[in-house]
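Residue-level structural notes
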Protein chains: 6
Amino acid sequence: MPNIIRASVVQACTAAYSLPDTLEKLHRLTRVAKDRDGAQLVVFPEAFIGGYPKMSSFGVVVGDRQPAGRDEFVRYYNAAIEIPSPAISRIESISQETDVFIVVGVIERDQGTLYCTAVFIDPNEGLVAKHRKLLPTALERVIWGQGDSSTLPVLTRTFDQGSAKGSSITAKLSAAICWENYMPLLRTFYYSQGTQIYCAPTVDARPEWQHSMAHIALEGRCFVLSACQYAEEKDYPPDHAVADASKRNPSNVMIAGGSVIISPLGKILAGPLRGGEGVLTADLDMDDVVRGKFDLDATGHYARPDIFQLKVAASRL
Amino acid sequence: MPNIIRASVVQACTAAYSLPDTLEKLHRLTRVAKDRDGAQLVVFPEAFIGGYPKMSSFGVVVGDRQPAGRDEFVRYYNAAIEIPSPAISRIESISQETDVFIVVGVIERDQGTLYCTAVFIDPNEGLVAKHRKLLPTALERVIWGQGDSSTLPVLTRTFDQGSAKGSSITAKLSAAICWENYMPLLRTFYYSQGTQIYCAPTVDARPEWQHSMAHIALEGRCFVLSACQYAEEKDYPPDHAVADASKRNPSNVMIAGGSVIISPLGKILAGPLRGGEGVLTADLDMDDVVRGKFDLDATGHYARPDIFQLKVAASRL
Amino acid sequence: MPNIIRASVVQACTAAYSLPDTLEKLHRLTRVAKDRDGAQLVVFPEAFIGGYPKMSSFGVVVGDRQPAGRDEFVRYYNAAIEIPSPAISRIESISQETDVFIVVGVIERDQGTLYCTAVFIDPNEGLVAKHRKLLPTALERVIWGQGDSSTLPVLTRTFDQGSAKGSSITAKLSAAICWENYMPLLRTFYYSQGTQIYCAPTVDARPEWQHSMAHIALEGRCFVLSACQYAEEKDYPPDHAVADASKRNPSNVMIAGGSVIISPLGKILAGPLRGGEGVLTADLDMDDVVRGKFDLDATGHYARPDIFQLKVAASRL
Amino acid sequence: MPNIIRASVVQACTAAYSLPDTLEKLHRLTRVAKDRDGAQLVVFPEAFIGGYPKMSSFGVVVGDRQPAGRDEFVRYYNAAIEIPSPAISRIESISQETDVFIVVGVIERDQGTLYCTAVFIDPNEGLVAKHRKLLPTALERVIWGQGDSSTLPVLTRTFDQGSAKGSSITAKLSAAICWENYMPLLRTFYYSQGTQIYCAPTVDARPEWQHSMAHIALEGRCFVLSACQYAEEKDYPPDHAVADASKRNPSNVMIAGGSVIISPLGKILAGPLRGGEGVLTADLDMDDVVRGKFDLDATGHYARPDIFQLKVAASRL
Amino acid sequence: MPNIIRASVVQACTAAYSLPDTLEKLHRLTRVAKDRDGAQLVVFPEAFIGGYPKMSSFGVVVGDRQPAGRDEFVRYYNAAIEIPSPAISRIESISQETDVFIVVGVIERDQGTLYCTAVFIDPNEGLVAKHRKLLPTALERVIWGQGDSSTLPVLTRTFDQGSAKGSSITAKLSAAICWENYMPLLRTFYYSQGTQIYCAPTVDARPEWQHSMAHIALEGRCFVLSACQYAEEKDYPPDHAVADASKRNPSNVMIAGGSVIISPLGKILAGPLRGGEGVLTADLDMDDVVRGKFDLDATGHYARPDIFQLKVAASRL
Amino acid sequence: MPNIIRASVVQACTAAYSLPDTLEKLHRLTRVAKDRDGAQLVVFPEAFIGGYPKMSSFGVVVGDRQPAGRDEFVRYYNAAIEIPSPAISRIESISQETDVFIVVGVIERDQGTLYCTAVFIDPNEGLVAKHRKLLPTALERVIWGQGDSSTLPVLTRTFDQGSAKGSSITAKLSAAICWENYMPLLRTFYYSQGTQIYCAPTVDARPEWQHSMAHIALEGRCFVLSACQYAEEKDYPPDHAVADASKRNPSNVMIAGGSVIISPLGKILAGPLRGGEGVLTADLDMDDVVRGKFDLDATGHYARPDIFQLKVAASRL
């Protein structure tokens, strides 16, 4: 009997700057994944809660910050959530109601700093972990702080085996957000902890992204679940920055999607999805991890710890 | 004025078990790259000298080795070369004659053990370095030993700037052979040494290989030059093992190629080449490395050395 | 009064791919050693738990892996055990029940990699150490990873002195698996740690094996307890690979045994056993170690540390 | 006889993107400080070598980078210097020629990443240390990497005592660049190392900057030498970004200066200079450090190490 | 709708050695802040209750203490208050009556030792916390003891939103007394706890004090409310020590004031007040904290916890 | 065409204490090997020149030495040879005459100390190297000194290929004397130098010796040529010590032989010879070394230099 977990990635955008609407959307899409596709695990994109202010400059140039940019930051800051908080409780309820394990990108507020975070919500235990993005990219470095090694969870979770109630499957899962996926040492750390379901919430919609997702699946011999936002101009406030202000059009694409599910041997199981929002679902045959590690186990028989060793610092000094 | 180096990858197979023929072939193909395309740097596939005994089992099963397999190994052993040796001298001559820097995969013999090695041959200085594959894959572990940290060169070389004789360009180059490319710590080491021209001699002809080459270019912000063998049954001795002995056909594909040149931003500059032998050539605009590192420098501003540190052992204790 | 420990080696095969049956067999044979022969220490062969897939190729040839081979690996992987795990607990119970110290070869699963491991189970303390084979041989390199210096235990254990309840004997014991016995530096390390009871679980049934066992006893001035599997075709699944598929016969010998117990002066105390399963038992007069070291102590008065020094790396960098 | 060191701060801008012109300017201004004012120590502003691209956005908005921005980065990258390099040698020559100790902000290039660095050049020993800015501010995070604890020098230097040739004064000096001065733990570290001449190269020309300089002098009981750039639009390339593109004017102020020298008791010794380039010089009576620490020694008698302890990590793990 | 808290600082002196008069004065000035200015929060100076015996030597020289000094201490001791005590109850009544949160400096008596303390009085909850000065300055060390880490509160308080009854604002506040403000680690601790309203009761009336207040606001991205005493000779007993006993004059200034309110971006919202007693009031737009932390969060995105870590000891055993 | 060298081991004893007779015997037996068997290489036993004084005690007990023993030593000393010396020249002549490479055990005299040495005599070059036994065994320690690392040659020699004059074979050879063969680090050193023809002159005639010879062949994947003395009482002076003086008999066996030639895969090619003197000869197929190293190369692919490293000291200063 195959060891199968059924998993979805959601391609959708934030109901920008509206926390209640976004939570409602998360509820609706989780129900789709569950009711239509039978998903046990659902991954939402980066910054799904809180929003990804694409094309904004926050009034920042080298050596100067404009007051209007500070005000935009105040709005963005207020749209972020604390962990825990009522918003987290709401996601816990959705998880419990649907019996779906949820991984979702949120903008986390901690004192005066924002973080780009992924939270892991279990149907039975609620919030079980969070991961803060270690390195924001380019202008993100102006609006988000850096995570540290205290939030690099690789969770061991148990799922029901689809056709056979009563028997269960154990899997390890983790998350790397957007360009963290270009950090080979972070990935190596995750591999070394045995990650099998590698969640990659993102807003990177370039075609090249697909190469990296496939490579990571192959390199880590793990399932890769990449959930990207799909957003059009109408999904942002009317005054939001755009690529070309002379061509504003509500249906202009802001973030083009590309969500995908890939097997440990590099086979595409679902997607990449382009052109709109949607939910992709696939069966993850956990034995494929073993089939893959037969000839490549990047932190096991295919490592050279005598030559290369990865040191990982404790979270603080 | 652009900083351009012109580089080729050769897709070709060994004239199996015939060293003189293979050296002659290397000479001919280097001339094609030079005379037809103006190449300054040429990368040949893994095991081009010595051969890749695809589909052979060397009479090895778990717990037993057949005498015929030992004899096949004797032939393979005798087809390998020492470094240095007359064969290396011959490649030095070809490099000098053509003024082409050559990177070529060879089967190296050292005492009783064979290694899968890439040698770096400079037109002026001759043999300047070698890299031994750190981890053979699957059955290769039966016929090849493991390299160590004493042969992980990242070379600094100077090339003439194409259109402007007299001015020159400095570039750093290294090599990772076949599935070494799935070793994130090895790659990280190469990135940390500043590799800009990342040579990937291989015999991996799966379509998935392309994902990893593109990913490495993006992750390392370096040019990736992957040279794969293309071989048919007729390129092997008549009694060589094949996938299905009932369907022997001289034109059956043994290694399907897929050589490719990719830019630091993940753009394909040439290839992937399939269906036959050939030489691919492209201009490498070295400023693209800087353009790429602007927003991603995996061992510089996009690293977290406070959390993750890569320790590299000296070659022996 | 002689300082005697009574020790057995078990020659038997895995109940292939059946963990419960194999544990039951281990229980039964430990009882034989204890009840029939009065053994205080029992050594089982290499891979007794998990099995030695002799003659399998796992669908691996140079440059290719067949899907069926991956599936065979999945089965083999699933038959392996983690350390600790319920299987280990079961062996601990058997050890406690029989008051026998057990050394047994197991296939250990750790993340995606398998290891060929020997576990040491104490009647009172349960699992006290494990040793992972440092270098798999030939095709084993495809299915097993490499151990490192963190699992090279030389244990100090105390045994009751047979005839004199109340008095006890202290002995040092270690294990080297199969062709690790051809690693002179590993052996030297064990000698330097004072090993007196040198356990050699194996599946090497060649007659030449006897020479090495005798040599090691002489060289190390230690008792050598070599436990080899004895297996016939009927002990493997019906579709298991065999040497000659045209001559399948349930009683064909797959692994021919050769278990043996040898004294520090090279005298054979029991065995070699051929032609079937069985339990060999002998009195180990620990004073023989001293008698032997009188004129040869390979890491003591018979060493030349001024010329040759063995450096042993810590388990990782 | 007073223990006096004569020190200057230079307020000037880069000859943008022209390394030779900027080095020439550094030469000229050092001569002014030496010949006109008798300076023994001169501090130049942040990014004096390499330039501070104020008002540039480098084509970066959240989630996107424009190719033109990458090209601007290539120009900026090529204008940066390595350490050491011929540019450093040139500064060493200037230092030697004038017998002036020079602290100057440079844009340092190391592999693909730029750093905002201050170098310390001794007349006799040449380059003796460098400090890399630990945390770039706002958009600087897109163009500069982060320093670490390996470049936090507090140097002990000996100067001639002005009026009394033959006798000498020892002083400790360090540098914190721009908003690093808002990092209380970095300052505490410098205080704890005994810094007496606290150099603050900057491009922060806000009036509020003066408060922080005075506070640091008081808190650290050290001389503060803050050297700021003064730049107008004409000092940048014609196509450089400006605050309001509709009001371009070569004499518009880009960076307004504010260089200042303050005593350990908070007294302003020279400056703040506004409205143009210039050289400020003052006598530093080193006994004032002692006078100030009489009632406040922030890492000595005015610390509470029983409550607060500052841990400083080694440069890497 | 702006998030505004209305806050006052009181510049006034103790009715020296008269507790009832001083409490009455506290009542009157709180009413002014409330009735005239609409204040929700009022900060009184250091040692407002108990007095600051400026210019006294308490008969202490190195190696000797005069009896008269001892007697002066007896008077000072008796003027101090215990916490809690009737005096505290009285302040609680004033707070409740006016609905004003009060922070006030008191001389606290605990066994035989006096402490320079700030108490926090809530209109609804009464005394909620106290902070004892960690390090008295200079001769203060003779009359006051040292606080410890058990009294470093950062309180979370809720205030009505001025124009909109029913909605409320949450703010965090703390206090550092006089030269504690020169302790960078104490400030860092407060920042790390999220302080937004940083109260600085003091008697430091030097002009340089303004620099530090502005710097702290900028560094901590918090509102700074510095309340200083204003006192003349007539406010002290006739025999109180003065700077120049030959020039006694009731209107000679003993403590010159300088109270001030500064925003998180370093803007002066009220004051500095000089030349007499008075009440300064300002609107604190709490979003300014977010606007400020956008580009500087000294213990968040602008910290380097990988390099510098502040350890804070638990309070004494 | 096979790569074959024809080699002999000579089993014979010294013509005790008679140098000329022994050299004559060496001449005669070399001719046998050459003329009868076609040998190209001949190995003589340990101490063939100079003699092995088996059963002598040299009058030594703990704490005392008898004069008679001293006299016996004088005789033994005088029977030894220097290197070079006329005796060596004589062997060189024999080698040249027969075109046989000779390895022979000699008692070497150097100043006042004797060494148990093996000399290597080339037909063309004469004496090319010597090896001094590193560790005498038991009472040997009273009569022989210790060698050091300056005499551990592994020689590269070229031999004619038997049937094909004009073509030649290169082989590496070395020697370990008697119980040196129980020194695993010495053997490892020889393996690491690539020894292929491992000469083992000895006087150890125990049956157990055969195990070690076979083991070394297997472990080192080299040919083992063990030449042992065969001696009876009549081969010693009449007054020479014997095991049981009451049973003196000229035909009593003093050293029982056991010379043997073994292949790299552990096959016995000739011997063991017992019961008398004699010459054993075998074809050494040098490809067997490669066949053997296919699956075991103890200092190549079957080593773990990351864990175990053998350091070899340079010879004495």
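Details of the structure are given in the entry above.
First things first, this report covers the structure right here in the doc. Quick caveat, the model's predicted, so the values are computed rather than measured. (Residues numbered from 1 in each chain as written. Chains lettered and ligands numbered in written order. Predicted model: local features only at pLDDT ≥ 70, side-chain atom pairs only at ≥ 80, totals over all residues. Heavy atoms only, no water.)

Further remarks concern the packing of aromatic side chains. Residues and elements named next belong to chain C. For the coordinates displayed, the defined rule picks out 80 aromatic pairs over all chains. Each ring, one from phenylalanine 101 and one from phenylalanine 159, has its centre 6.3 Å from the other, and the planes form 70°; the classification is edge-to-face. Of this pair, phenylalanine 101 sits in strand E5 (residues 101–110) while phenylalanine 159 sits in strand E8 (residues 155–160), and the two are 58 residues apart along the sequence. Relative accessible area serves as the criterion here: at 2%, phenylalanine 101 is assigned to the buried category. Here phenylalanine 159 falls in the buried class, since its relative accessible area comes to 6%. (Phe/Tyr/Trp six-rings, centres within 6.5 Å; stacked < 30°, edge-to-face > 60°. Helix = DSSP H or I, 4+ residues; strand = E, 2+ residues; numbered from the N terminus. Buried < 20%, exposed > 50% of the residue type's maximum accessible area, 1.4 Å probe, protein only.)

Residue and element names in this part refer to chain B. Contact pair helix H1 (residues 19–37) / helix H3 (residues 86–98): the axes reach a minimum separation of 10 Å and the direction vectors enclose 15°. With respect to H3, the axis of H1 lies roughly parallel. Remark: the crossing between H1 and H3 carries right-handed chirality. On the side of H1, the interface is formed by Leu19, Leu23, Glu24, Leu26, His27, Thr30, Arg31 and Lys34, while H3 contributes Ala87, Arg90, Ile91, Ile94, Glu97 and Thr98. (Axes fitted to C-alpha atoms, helices over the stretch in contact; angles between N-to-C directions. Parallel < 35°, antiparallel > 145°, perpendicular 65-115°, else oblique. Left-handed = near helix turned anticlockwise from the far one by under 90°. Contact = heavy atoms within 4.5 Å.)

Attention shifts here to the interface of chain E and chain A. At the interface, 21 residues of chain E touch 18 residues of chain A. Taken over both partners, the interface formed by chain E and chain A buries close to 1,600 Å², and the fraction arising from carbon and sulfur atoms is 58%. Between the two partners, chain E and chain A, sit three salt bridges. Arginine 65 of chain A is the salt-bridge partner of aspartate 295 of chain E, the closest N and O atoms lying 2.7 Å from each other. Linking chain E to chain A there are seven residue pairs in polar contact (both at pLDDT 80 or more). Taken together, the elements giving at least two residues each to the side of chain E that touches chain A come down to helix H7 (287–293) and strand E16 (308–312) of chain E. When residues of the side of chain E that touches chain A are assigned to their parent elements, the largest contribution, five residues, is made by H7 of chain E. Class assignment for the residues of the side of chain E that touches chain A results in six nonpolar, seven polar and eight charged. (Buried area = accessible area lost by both parts, 1.4 Å probe. Salt bridge = Lys/Arg side-chain N within 4 Å of Asp/Glu carboxyl O. Polar contact = N/O pair within 3.5 Å; in protein donor to acceptor, adjacent residues only side chain to side chain. Nonpolar A, V, L, I, M, F, W, Y, C, P; charged D, E, K, R; others polar.)

In this model, helix H2 (residues 67–79) of chain C (13 residues) spans 19 Å end to end at C-alpha, consistent with the 18 Å of a helix rising 1.5 Å per residue. Where H2 of chain C is buried, its residues meet helix H7 (287–293) of chain A together with strand E4 (64–65), E5, strand E6 (113–122) and helix H4 (140–143) of chain C. (Expected span 1.5 Å × (residues − 1).)

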